[in-house]
Every structure is written in C-alpha cells, then in structure tokens.
Amino acid sequence: QVQLVESGGGLVQAGGSLRLSCVVSGSTGSKYRQEWHRQAPGQRRELVASITSGGSPDYEDTVKGRYTISRDDAKNTVYLQMNALKPDDTGIYYCKVHKSWPGRGDYWGQGTQVTVSS
C-alpha cells in the first residue's frame, strides 16, 4: 500500500512563493508517475504538474515557468516549488502517485491548503 502525506501549504501574498512536500511510503514500483493536483473552490480537481519515474516533468500551461516539480529519492519525497503565486493558484493541493508496473493503482494524499491573497 502506498501512502502520501503532503505539507507546506499556507497563506501567502500574491507574488510570493511556497514549497509543497509529499512524503511517499510504500512501494511505487519501478514505473510510476508522481503528480500534483489542485482543486480550487467550487472547481474540479486539475493536474498542474507531474514527473515520471524517469524524471521527466510536465506542467499545466498556466503554471509553466512558475512551478517546478522535483523529487528526492533518498527522502522518498516529491516537491512542488511555486513562485510568482497568483490568487488563481488558491486551492487544495493534492499529491498523487499513479503506479504502472508492477501492479497498477492510484494513490492520493489528504491535501494541503494554499491561499494566495491579492
């Protein structure tokens, strides 16, 4: 079983920065993708950044150039560095692992609140 625990959310002014962390425990297998999703108030949850087991990152268009996803395998932790934050970035941020091989599964953390004030 894979478990994820996020931290690092908070209240920040527009233009500020936050770094989210997601500690992953359990076996993710050798092929997987780690993702950060955001759910704004009254909106659907959306994918904002991902990184594959091979280390390839990808970003949703509105966060490109501002967000950076990275991973520290020694610490079993995936990070989301968020710079130049905007009020539209407000929401609950969820960490997710999509496990592809061996075995398949999707695992979610409990979420961490990010609030950007104008």
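Each remark here, short or long, concerns the structure printed above.
In this report, the structure presented in the accompanying data block is examined. (Residues numbered from 1 in each chain as written. Predicted model: local features only at pLDDT ≥ 70, side-chain atom pairs only at ≥ 80, totals over all residues. Heavy atoms only, no water.)

### Let's talk about the nonpolar core
In step 1: In this structure, Leu4, Trp36, Tyr67, Ile69, Leu80, Met82 and Tyr93 are the most contacted members of the largest nonpolar core, which totals 25 residues.
In step 2: Looking at this core, the elements with two or more residues in it are β3 (18-25), β5 (45-52), β7 (67-72), β8 (77-82), β9 (91-101) and β11 (112-117).
In step 3: In terms of residue count, β3 provides more of this core than any other element does, 4 residues in total. (Core = buried A, V, L, I, M, F, W, Y, C linked by side-chain atoms within 4.5 Å. Buried < 20%, exposed > 50% of the residue type's maximum accessible area, 1.4 Å probe, protein only. Helix = DSSP H or I, 4+ residues; strand = E, 2+ residues; numbered from the N terminus.)

### Observations concerning the state of the cysteines
In step 1: Summed over all chains, the structure comprises 1 disulfide.
In step 2: Two residues, Cys22 and Cys95, share a disulfide whose sulfurs are 2.2 Å apart. Since a negative S-S torsion denotes a left-handed disulfide, the Cys22-Cys95 link at about -85° is left-handed. One end of the pair, Cys22, is in strand β3; the other, Cys95, is in strand β9, with 73 residues separating them in the sequence.
In step 3: A relative accessible area of 0% means that Cys22 is categorised as buried.
In step 4: What makes Cys95 buried here is its relative accessible area of 0%. (Disulfide = S-S within 2.5 Å.)

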